[in-house]
Amino acid sequence: MTAVEDGVSQPVRVNLLFNDKPVRVPYGVTLFDAASWNGIAIDSTCGGHGTCKKCRVRIAGDPPAPSSLDIRAYTAQEIKDGWRLACRTTAVRDTAVEVPPLTTRPKAATVGVGRQVILRPAVQKRYLELDEPSLADQATDLERVLAQLEDLEPRADLAVLRTLGRTLREADYKVTAVVVDDILIAVEPGDTTGRRFGIAFDLGTTTVVATLLDLSTGTPAGVESALNSQQPFGADVITRISATMMDPGNLDKLQNLAHQTLAELARAVCAQGGVEPHEVYEVALAGNATMTHLVLGIDPEPLGMAPFIMATRLYPEVLAADLGLAGITHPRARAVVFPAFGAYVGGDITSGLLASGMDRDARVRLFVDIGTNCEIVLGNRDWLLATAAPAGPAFEGAAIRCGMRAADGAIEVVTMTPEDVVLKVIGDAEPQGLCGSGLVDAVTGLVKVGLLDSSGRFIPEAEAQVQAPGLAPRLTTIGKERVFVLHWRGAAEDSIYLSQRDVRELQFAKAAIATGWQILLEEAGLTAADVKQVLLAGSFGSYLSAASAIRIGLVPKVPVMRVVSAGNVAGEGAKMALLSLRERAGGLALLEEVRYVELSDRTDFNDRFVEQLSFPAP
């Protein structure tokens with residue numbers, strides 16, 4: 001079947017072969033959209049809008065003419081070899097498309113700073129030996145069970161009643177009652193009291209972490225992390241919200257992708273721990289407000305525009321099945337979803353504050369969760385202030401010319417002297433790009449050796465020869481832009497380098513964060529000297545050099561020993577909610593203890609932001 005376009009007959013459908021997967025798509029759609037519609041993940045951080053230049057694909061046979069973006073994204077040899085940007089290449093004929101494998105297991109923090117808790121999970125199991133009914137004792141099946149659960153006083157799910165009679169009689173009235181909170185969710189034959197598990201999820205915008213917990217002992221039985229499958233829709237929450245605004249059907253797609261990620265991780269940790277699905281009775285989920293809205297299928301559009309309103313702070317009763325875990329957990333497993341303070345200080349921060357004990361410490365502490373959106377909390381046991389700063393995707397490697405996620409081949413540590421550069425690469429592999437921690441180290445090193453001035457500009461070549469003679473040859477030009485080569489691979493444009501624009505991206509991110517915590521300090525009537533500890537939360541905070549963060553002004557200028565990598569505190573808080581009802585109540589109480597400070601309506605924000613762009617003097 002064909003259509004007519006500009007007088008030329010065109011096919012209505014085109015056959016594509018993505019690696020080994022054949023698909024049939026409408027004529028003229030981009031390869032990026034064609035892949036997304038068919039569940040084929042192509043790397044992207046901008047959601048296919050042509051700004052990140054990450055959606056690499058290769059068309060080996062008779063590739064189409066390169067677009068202007070292709071020419072800027074690839075070397076001449078790569079263009080000749082058929083490399084194109086999927087978001088700028090349209091399907092106009094049957095063709096085979098090579099898609100590079102997507103990193104689905106990025107380097108991520110799976111544990112973090114936490115506290116010891118008194119083990120009192122919501123999931124309780126009681127072994128019961130019941131009297132058999134008789135004409136003299138005609139109590140109902142449910143009454144017999146509840147009579148021996150007086151201390152729990154549960155109410156029964158209808159689904160339990162449907163099979164209760166059969167279960168009791170086949171088990172000779174020797175059964176185990178499973179109660180979650182105040183709900184009798186199951187009556188199991190025999191004594192199964194030694195087997196009860198829960199899964200704690202940290203649902204991040206980029207990375208998702210799952211931990212399987214033995215609720216009888218409080219110990220982890222398995223832990224796994226994966227890239228959030230929503231990633232092709234963009235690297236940050238704004239691009240994902242925008243995707244639902246441009247096409248309402250994308251809400252279902254994003255929800256299904258979140259469910260897919262949680263389900264894959266749940267299967268993985270259960271296999272790792274040797275646990276059957278019906279033995280997982282509860283899950284806990286900590287995520288930012290947008291991720292939580294999307295996983296529950298709630299329209300996130302109001303989060304993306306002023307006045308930034310959430311559908312709710314507290315969520316109604318949620319089942320694990322509502323998170324896409326049907327068949328992977330017990331059919332009636334419950335879900336604990338952490339509440340949020342605001343549209344951009346979400347449940348992951350509530351969970352992180354719970355784990356770090358910010359509300360229990362007499363010291364003034366600063367909690368900074370660095371990501372595409374940076375959440376900041378300042379305070380102690382008497383008061384807590386929170387805000388959010390738009391850091392952008394630079395720390396995830398997006399918007400950086402040679403940027404990449406923290407996976408094998410990513411430069412994660414850069415050590416610089418006036419004579420040499422030493423790189424540490426994830427996986428001890430050949431360097432392929434620069435991740436967030438390496439970016440911060442590289443800029444810090446250039447500032448320390450004097451190749452970057454306080455405004456963030458590379459100094460002139462003549463000055464570089466004097467300032468750092470061993471590094472001066474690395475300072476060169478690609479096109480009209482000055483760059484610093486970190487790892488040579490032939491010509492400069494084929495190498496891994498840091499560009500002037502990359503430095504600017506980092507400056508914008510650190511200025512937004514620094515403005516946020518400075519405003520909180522002023523709100524509290526304090527100075528940086530009053531901060532006794534800085535907690536760097538999240539995966540990025542776990543691998544960020546404290547000295548580098550201080551040197552460029554990302555965090556207050558405090559003694560380096562006061563800066564602590566807190567790790568995956570969101571995941572730790574989710575674990576605590578599964579292990580202790582008392583801690584779960586403490587997480588809810590935080591909503592009343594934290595005062596949120598909105599930065600976007602402050603008239604002085606832009607001026608303060610500009611002031612923070614420069615790098616601090618030594």
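Model, not experiment: these values are computed from the prediction.

Some thoughts on the overall build of the protein
Item 1. When helices and strands are counted, the protein shows 17 helices and 29 strands.
Item 2. Compactness check: the protein gives a C-alpha radius of gyration of 27 Å against a globular reference of 25 Å for 618 residues, within 12% of the reference.
Item 3. Taking the principal axes of the C-alpha coordinates as reference, the protein spans close to 100 × 70 × 45 Å.
Item 4. When the accessible surface of the protein is split by element, carbon and sulfur atoms take 52% of a total near 25500 Å².
Item 5. The distance from the centre of the 58 positive side-chain charges to the centre of the 75 negative ones in the protein is 4 Å.

Some words on the sheet that holds strand β25 (residues 481-487)
Item 1. Pairing in this open sheet of 3 strands is antiparallel, and the strands run β24-β25-β26 from one edge to the other. Each edge of the open sheet carries a strand with a single partner, namely β24 (475-478) and β26 (496-499). Mean inter-strand twist for the sheet, computed between neighbouring axes without regard to direction, equals 50°.
Item 2. Both β25 and β26 contribute to a ladder of 4 bridges, which runs antiparallel. Following the sheet pairing, histidine 487 is matched in β26 by isoleucine 496.
Item 3. Lying over the sheet, helix α10 (residues 436-449) contacts β25 and β26, oriented at roughly 65° with respect to β26.

Things to note about the nonpolar core
Soluble, globular proteins show a tendency: their nonpolar side chains are buried together.
Item 1. Counting residues in each nonpolar core, the largest one holds 84 residues, and the members touching the most others are Ile199, Phe201, Leu262, Val283, Leu325, Leu353 and Phe367.
Item 2. Broken down by element, the residue count for this core peaks at 10 residues, all from helix α7 (residues 249-273).
Item 3. In contact with leucine 353, not counting residues within four places along its chain, are Phe341, Met358, Asp359, Phe367, Val377, Leu590 and Val594.
Item 4. Membership of the second largest hydrophobic core comes to 73 residues, among which are Ile459, Val534, Leu544 and Ala546.

Thoughts on the packing of helix α6 (residues 237-246) against α7
Item 1. For the pair α6 and α7, the least separation of the axes is 6 Å and the interaxial angle reads 135°. Classified by the angle their axes make, α6 and α7 are oblique. When α6 is examined against α7, the residues Arg240, Ala243 and Thr244 are found in contact with a partner set consisting of Asn250, Leu251 and Leu254.
Item 2. Of the residues that constitute the contact of α6 with α7, the class distribution is 3 nonpolar, 2 polar and 1 charged.

Let's talk about the packing of aromatic side chains
Item 1. Scanning all chains against the criterion turns up 3 aromatic pairs.
Item 2. Aromatic side chains phenylalanine 308 and tyrosine 344 sit 5.9 Å apart centroid to centroid with 75° between the ring planes, which places their arrangement in the edge-to-face category. Taken together, the residues span a long stretch of sequence, with phenylalanine 308 in the loop between α8 (289-296) and β16 (318-319) and tyrosine 344 in the loop between β17 (334-337) and α9 (347-356) at a distance of 36 residues.
Item 3. Since its relative accessible area comes to 14%, tyrosine 344 is described here as buried.
Item 4. What links up through ring pairs into an aromatic cluster is the set Phe508, Phe605 and Phe609.

Here we look at the sheet that holds strand β4 (residues 21-26)
Item 1. Strand order across the open sheet formed by 3 strands is β4-β3-β7, with mixed pairing between neighbours. Each of the sheet's edge strands pairs with one partner strand only, and the pair in question is β4 and β7 (95-97). Adjacent strand axes in the sheet meet at a mean angle of 30°, parallel and antiparallel pairs treated alike.
Item 2. By the bridge criterion, 6 bridges tie strand β3 (residues 13-18) to β4 in an arrangement that is antiparallel. In the strand pairing of β4, asparagine 15 is matched with arginine 24.

Details of the packing of α9 against helix α15 (residues 569-579)
Item 1. Where α9 contacts α15, the two axes come as close as 7 Å, and the packing angle between them is 75°. It follows from the interaxial angle that α9 and α15 lie roughly perpendicular. Between α9 and α15, the residues in contact are Asp348, Ser351, Gly352, Leu354 and Ala355 and Val569, Ala570, Glu572, Gly573, Ala574 and Met576, respectively.
Item 2. Each residue belonging to the contact of α9 with α15 can be placed in one class, and the counts come to 6 nonpolar, 3 polar and 2 charged.

Each value, and the rule that gives it
- Residue indices follow the written sequence of each chain, beginning from 1 at its first position.
- Two thresholds apply to this predicted model, a pLDDT of at least 70 for residue-level local features and 80 or more for giving and counting side-chain atom pairs, whereas whole-chain, interface and lining totals are computed over all residues.
- To get the side-chain values, take all heavy atoms of the structure and skip hydrogens and water.
- Numbered from the N terminus, helices here are DSSP runs of H or I no shorter than four residues, and strands are runs of E no shorter than two.
- Each radius of gyration reported is based on C-alpha atoms, and the globular scaling rule is 2.2 Å times the count of residues to the power 0.38.
- Note on areas: these come from Shrake-Rupley sampling with a 1.4 Å probe, and a residue is covered only by the protein chains present in the view.
- The sign given to each residue is positive for Lys and Arg and negative for Asp and Glu; His and the chain ends receive no count.
- Charge placement uses NZ in Lys and CZ in Arg. For Asp and Glu, CG and CD serve respectively.
- Pairing between two strands requires that DSSP report at least two bridges joining them.
- Comment: axis = line fitted to C-alpha atoms, over the contacting stretch for helices; angle = value between 0 and 180 degrees taken between N-to-C directions.
- Contacts were defined at the residue level, with two residues in contact if any of their heavy atoms lie within 4.5 Å.
- Only buried Ala, Val, Leu, Ile, Met, Phe, Trp, Tyr and Cys residues count toward a nonpolar core, and they belong to the same one when joined by side-chain atoms within 4.5 Å.
- Only protein chains enter the accessibility calculation, which uses a 1.4 Å probe; a residue is then buried when its area is under 20% of its type maximum, exposed when over 50%, and partly exposed in between.
- Convention used here: angles under 35 degrees read as roughly parallel, angles over 145 as roughly antiparallel, angles from 65 to 115 as roughly perpendicular, and any remaining angle as oblique.
- Gly is put with the polar residues, along with every residue not named as nonpolar or charged; the nonpolar set is Ala, Val, Leu, Ile, Met, Phe, Trp, Tyr, Cys and Pro, and the charged set is Asp, Glu, Lys and Arg.
- Think of it this way: a Phe, Tyr or Trp ring, Trp meaning its six-membered ring, pairs with another when their centres are within 6.5 Å, and the plane angle makes it stacked under 30 degrees, edge-to-face over 60, tilted otherwise.

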